[in-house]
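Geometric and topological summary
Here is how the chains run, residue by residue.
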Amino acid sequence: MDYSQFLLMPQEMGLLLVFLLVFIYDTFMPERSQRALPGFTAALFAIYTAICFIPCQLGSAFGGMMECNEATWAMKNILNVGMFIVLLQAARWTNSEFVSVRRGEFYELLLLTLFGMFLMISARHFLLFVLGLETASLPIAALAAFEKNRYESHEAAAKYVFTAIFSSAIFLLGISFVYGIAGTLYFDDIATSLIGEKSPLLILAIAFVMSGVAFKLSLVPYHQWTADVYQGAPTAVTAYLSVISKGAAAFSFLVIMVQCFGAAYAEVWQWMLYAIIILTITIGNLFAMRQRNLKRFLAYSSISQAGYIMLGVIAANALGMASMMYYVLVYIFSNLAAFGVIAAIERQTGKTTTDDYNGLFKTNPWLAFTMMLAMFSLGGIPPFAGFFSKFFIFVGACKTGSVAIYVLVLIALINTIISLYYYLLVVKAMFIRQDDCAIPTFKCGCGERVSLIVCTLGIILIGLASCIYTYLVGVSEAVSDIFTMI
């Protein structure tokens, strides 16, 4: 075996090194030093994230099963930024009385899931993709049940496990059909074999493969687990699920559908994805309006946001890929800002409903301001980053020029207007409604403050820094050969 191939996966190897150092610290350091583990992990991951921005060697490894190119490198760096923010937000929670005894396991499981997502992103063979998918999925069940004294946490883990099992079974069945048709599991070879193929078995195979990945993205009708798991899981885990897991699954979905099934784009999966996108955006919006628990509210909001992310997939071009990565980057800052505020207030008071936030601006103006920016960005209100992410992803989708895509974008625009209603309800509660029993003034932890500052700056500045989007367009054009089958 040529061990030099491991040089083509520096981000994965670096992440494993971080995992090992955290494990050694958790195992061998004395108990009096254990409270420093969250800070040690965040600092170590910050160094790792900074190093990962240094350009690395590109190419394919392990017989073409894994590929490191400009796009995969950029997407992993985007996820690293989100992961760092999650680590900052979780620091005070992991040092709390009921979690501190298991804080090491929390960080180790979190890093392990990220490693699985990196394998998904780089996979160019279905065997490696399945290994990455399961590595990313199984530890999340343990993370969802991390607060073992809460019944809701157990319920969240059980629902996640059962739905993950069924989705994985459907996905593997779809892969077996693909192998029966193409005789290979390499993405490029499958695409070549499917040229001119329009059999019913191919339609069924693509539907099953889409179903398996759609579970990770919470696309309708594979979204039923989302609200219950988001509500029952610890808020730090919910934040991680809502952005990091979704971002990795979205990029992997794009690569599979374009590079593997690109030859069957117009005849087979394009129309499937049209229906899924419309249902996902619309149903996510309608159910979000009814929620009063903020974690369930953001669960349905994330379902709707996943529909917008899929517009980058349906575009099936370099501009669509760039817009999707930019959307995920903006979504990381916006959603983690909201979850950061929720986590801080929940840890201090235990309150998680919209009515509990009445009058928050008077008692905690900084938290109310951060939450307002997050809601504005998620709703796509200019001049915040969320407006530019939606604009670019609409432009990327319309680049195809078909009448059907124009209708799809119009429906998405109408749903964007609808979403403003429920996002502004949260803002109304904080700034307009009054409550004699408002959440008292309190001080956030150091990690929480830093994470909220980072998210606030991201929401304000990323939309104005056009160089980021320009860079992502260049990265996507460098790998535009994957779109040649469409």
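Report on the accompanying structure. Small disclaimer: the values here were computed from a predicted structure and weren't measured.

**Concerning the nonpolar core**
- By size, the foremost hydrophobic cluster in this structure holds 183 residues, and its most contacted members are Phe261 and Met375.
- Here this core takes 22 residues from helix H13 (residues 318-349), the largest share from any one element.
- In contact with Met375, not counting residues within four places along its chain, are Phe297, Leu298, Ala338, Tyr423, Val426 and Val427.

**What about the side chain of Asn317?**
- In this structure, Asn317 sits in the loop between helix H12 (294-315) and H13.
- The exposure class of Asn317 is buried, given its relative accessible area of 16%.
- Of the polar contacts made by the side chain of Asn317, one reaches the backbone nitrogen of Leu319; its length is 3.3 Å.
- Sequence-distant contacts of Asn317, defined by excluding residues within four places in its chain, comprise Gly396, Lys399, Thr400 and Phe483.

**A few points about the packing of aromatic side chains**
- Within the structure shown, the criterion is met by 29 aromatic pairs.
- Consider the rings of Phe297 and Tyr422, whose centres lie 5.5 Å apart with planes at 85 degrees: the pair is edge-to-face. You can see Phe297 sitting in helix H12 and its partner Tyr422 sitting in helix H17 (residues 403-431), a full 125 residues away along the chain.
- Assessed through its relative accessible area of 3%, Phe297 is described here as buried.
- Tyr422 sits in the buried class, given a relative accessible area of 1%.

**Observations concerning H12**
- Taking 1.5 Å as the rise per residue, H12 with 22 residues should run 32 Å; its terminal C-alpha atoms sit 32 Å apart, in good agreement.
- Most of H12 sits inside the fold, with 22 of its 22 residues counted as buried.
- Taking the backbone nitrogen of Lys295 as reference, a side-chain oxygen 2.9 Å away marks Asn293 as the first, capping residue of H12.
- Of the residues trailing H12, Ala316 is marked for its positive phi of about 50 degrees.

**What to know about unusual backbone geometry**
- Following Val220, the chain continues into Pro221 via a peptide bond in cis, with omega recorded as 5 degrees.
- As for its placement among the helices and strands, Pro221 is situated in the loop between helix H8 (200-217) and helix H9 (224-232).
- In this structure, the amide linkage connecting Pro382 to the following residue, Pro383, adopts the cis form with an omega of 10 degrees.
- Mapped onto the elements of the fold, Pro383 is located in the loop between helix H15 (365-379) and helix H16 (385-398).
- In this structure, Ser218 is a non-glycine residue whose phi angle is positive, near 60 degrees.
- Along the chain, Ser218 turns up in the loop between H8 and H9.
- Since its relative accessible area comes to 0%, Ser218 is described here as buried.

**Structural notes on the side chain of Arg296**
- Locating Arg296 in the fold gives a position in helix H12.
- When its relative accessible area of 17% is taken as the criterion, Arg296 is described as buried.
- Excluding residues within four positions of it along the chain, Arg296 makes contact with Ala227, Asp228, Gln231 and Gln291.

Conventions we followed
- Residues numbered from 1 in each chain as written.
- Predicted model: local features only at pLDDT ≥ 70, side-chain atom pairs only at ≥ 80, totals over all residues.
- Heavy atoms only, no water.
- Core = buried A, V, L, I, M, F, W, Y, C linked by side-chain atoms within 4.5 Å.
- Buried < 20%, exposed > 50% of the residue type's maximum accessible area, 1.4 Å probe, protein only.
- Helix = DSSP H or I, 4+ residues; strand = E, 2+ residues; numbered from the N terminus.
- Contact = heavy atoms within 4.5 Å.
- Polar contact = N/O pair within 3.5 Å; in protein donor to acceptor, adjacent residues only side chain to side chain.
- Phe/Tyr/Trp six-rings, centres within 6.5 Å; stacked < 30°, edge-to-face > 60°.
- Expected span 1.5 Å × (residues − 1).

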